[in-house]
Amino acid sequence: MKKRLETLRHEIERINLEMLDLLCRRGEVVTEMRALKNELGIPLFSPEREERMLRELVAANRGPYPDTAIQPVFREIFRASLAVMEAQAENEMRVSRGKRREDLLIAIGNLVVGREPIVVAGPCAIESEEQLEAVAAHIKAAGVTMMRGGAFKPRSSPYAFQGLGDEGLVILQRVAKRHGLLTVTEVTDTRSVDQVARYADVLQVGARNMANYEILREVGRTKRPVLLKRGMAATIDELLWAAEYIVLQGNEQVILCERGIRTFERATRNTLDISAIPLLRQRTYLPVIADVSHAAGRRDILAALARAALAAGAQGVMVEVHPDPPAARSDAQQQLSLEQFTAFMSQINLTRPHAD
Ligand code: PEP
Ligand code: MN
């Protein structure tokens, strides 16, 4: 009897190995299927097909395991297969850390994004030459090298100030030249991408357009550095896929920007997702910055958020500055006055490698 037990034990061990071999073969088939699904643009997860396969397996079950034991085993196999497919798809992303170990450095003028922390500052919207001039002179003296300012403003209400448009671009370029500042401004339409690229150094794709794939392709074709903001309800995956659209057009110069996501919390306009910063740094070689102004929607906690973002690995911060915030035509409640910006800079305590 002991001998028989020994034989059966060996038999079990042999079956285990056979089952493992079958699972490995299943994994190979899954891998090939993933490549085909990718080519054909078919989703990796197919719940109806899984349910059908489960029904067929239950029908073919001859015992002694009950259906209630067989089903979870196969469900787990399906889940593991999907995980294999997803991991492979992610590793094949061009923007994946797996494709390039070291951080991407993006040289824009004298600035190298990704090397030392940058501060991007400026008004929410360009309102007049005097307004931008006051901001430019102030931030330049504080050591900032890149100025922001919207000419085309994507506003939630169609009645709100939409920006100065082309006139804003002209002002942005003129003021920035006067102070030797680099510029970033938003593109809101595929038709104005070339126009914006003539006037600004960096093209911003805003949160509302992160999933506008035509805009992503178009800014990808310009070969200009792009500041890509996370959509307000976009996952980290979706942000990376949006960056992939740009990179796929041959433009690798993408700076990712965490700017807060919508949550139930109302004390802040959005919730700055600090976790996204180290996760993005882990998953991609692209530089990551944090826009604390649009995250908070208020001015009293900006330095604390900026410090947190930098401590979490952000390679820069963006902040809105206006010479007279209460009179601002957009985002009045979150812009810093010039004096408040000076305090902000001393509170975040960056060295000033770019000051010249
Ligand atoms: C902006 O930076 O001007 C802006 C509108 O921000 P977001 O797209 O993140 O809302
Ligand atoms: Mn704004």
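These figures come from a predicted structure and were not determined experimentally. (Residues numbered from 1 in each chain as written. Chains lettered and ligands numbered in written order. Predicted model: local features only at pLDDT ≥ 70, side-chain atom pairs only at ≥ 80, totals over all residues. Heavy atoms only, no water.)

Looking at the sheet that holds strand 8 (residues 254-258)
- One closed barrel accounts for eight strands, arranged 3-4-5-6-7-8-9-10; its pairing is parallel. Averaged over all neighbouring strand pairs, the angle between strand axes comes to 25 degrees, with direction disregarded.
- In terms of strand pairing, strand 6 (residues 202-205) meets strand 7 (residues 226-229) through three bridges, oriented parallel. In the sheet register, Val205 faces strand 7, and the bridge partner there is Leu228.
- Each of strand 8 and strand 9 (288-291) is contacted by helix 9 (residues 276-283), which is oriented at about 160 degrees to strand 9, the strand it contacts most. (Pairing = 2+ DSSP bridges. Helix = DSSP H or I, 4+ residues; strand = E, 2+ residues; numbered from the N terminus. Axes fitted to C-alpha atoms, helices over the stretch in contact; angles between N-to-C directions. Contact = heavy atoms within 4.5 Å.)

Topic: helix 1 (residues 2-40)
- Taking 1.5 Å as the rise per residue, helix 1 with 39 residues should run 57 Å; its terminal C-alpha atoms sit 57 Å apart, in good agreement.
- Taken together, the buried positions of helix 1 are occupied by Val30, Arg34 and Lys37.
- Contacts made by the buried residues of helix 1 are with helix 3 (67-91).
- Of the residues trailing helix 1, Gly41 is marked for its positive phi of about 70 degrees. (Expected span 1.5 Å × (residues − 1). Buried < 20%, exposed > 50% of the residue type's maximum accessible area, 1.4 Å probe, protein only.)

Quick look at the site of ligand 1
- Around ligand 1, a shell composed of Arg148, Lys153, Glu186, Gln204, Gly206, Ala207, Arg208, Lys229, Arg259 and His294 is seen.
- A distance of 2.7 Å separates an oxygen atom of ligand 1 from a polar backbone atom of Ala207.
- Classifying every residue of the shell around ligand 1 by side-chain character gives one nonpolar, three polar and six charged. (Near = heavy atom within 4 Å. Polar contact = N/O pair within 3.5 Å; in protein donor to acceptor, adjacent residues only side chain to side chain. Nonpolar A, V, L, I, M, F, W, Y, C, P; charged D, E, K, R; others polar.)

Brief notes about the domain arrangement of the protein chain
- Examined at the domain level, the protein chain breaks down into domain 1 (2-91) and domain 2 (106-348).
- Placing a centre on the C-alpha atoms of domain 1 and another on those of domain 2 gives a separation of 47 Å. (Domains from an automatic or database assignment.)

Some words on the state of the cysteines
- What the rule picks out here adds up to zero disulfides.
- Of all cysteine sulfurs, the one in Cys124 lies closest to Cys257, which takes part in no disulfide; the gap is 13 Å.
- Classification of Cys257 as buried rests on a relative accessible area of 0%. (Disulfide = S-S within 2.5 Å.)

Brief notes about the packing of helix 2 (residues 47-60) against helix 3
- Between helix 2 and helix 3, the least distance of the axes is 10 Å, while the angle of their chain directions is 145 degrees. Note that helix 2 runs across helix 3; the crossing there is right-handed. Listed contacts from helix 3 to Glu50, Glu51, Met53, Leu54, Leu57 and Val58 of helix 2 are Asp67, Gln71, Phe74, Arg75 and Phe78.
- Residues belonging to the contact of helix 2 with helix 3 are distributed by class as follows: six nonpolar, one polar and four charged. (Left-handed = near helix turned anticlockwise from the far one by under 90°.)

Observations regarding the layout of surface pockets
- Of the pockets and cavities examined, the largest pocket occupies roughly 480 Å³.
- Along the walls of the largest pocket sit 13 residues, with Met19, Tyr65, Val73, Phe74 and Ile77 positioned nearest its centre.
- Within the residue set of the lining of the largest pocket, elements represented by two or more residues are helix 1 and helix 3.
- With seven residues, helix 1 is the largest single contributor of residues to the lining of the largest pocket. (1 Å grid on protein atoms, 1.4 Å probe; cavity = no way out; pocket = protein on both sides within 12 Å on 5 of 7 lines; lining within 4 Å. Points joined across faces, edges and corners; volume = space filled by probe spheres on them.)

Quick word on the pattern of salt bridges
- Counted by the stated rule, this structure contains 25 salt bridges.
- As a salt-bridge pair, Glu258 and Arg230 come within 2.8 Å of each other at their nearest N and O atoms. You can see Glu258 sitting in strand 8 and its partner Arg230 sitting in the loop between strand 7 and helix 8 (236-248), a full 28 residues away along the chain.
- Relative accessible area serves as the criterion here: at 0%, Glu258 is assigned to the buried category.
- Between Arg298 and Asp300 there is a salt bridge, with its nearest N and O atoms 2.7 Å apart.
- Owing to a relative accessible area of 30%, Arg298 belongs among the partly exposed residues under this scheme.
- By relative accessible area, which is 54% here, Asp300 ends up exposed. (Salt bridge = Lys/Arg side-chain N within 4 Å of Asp/Glu carboxyl O.)

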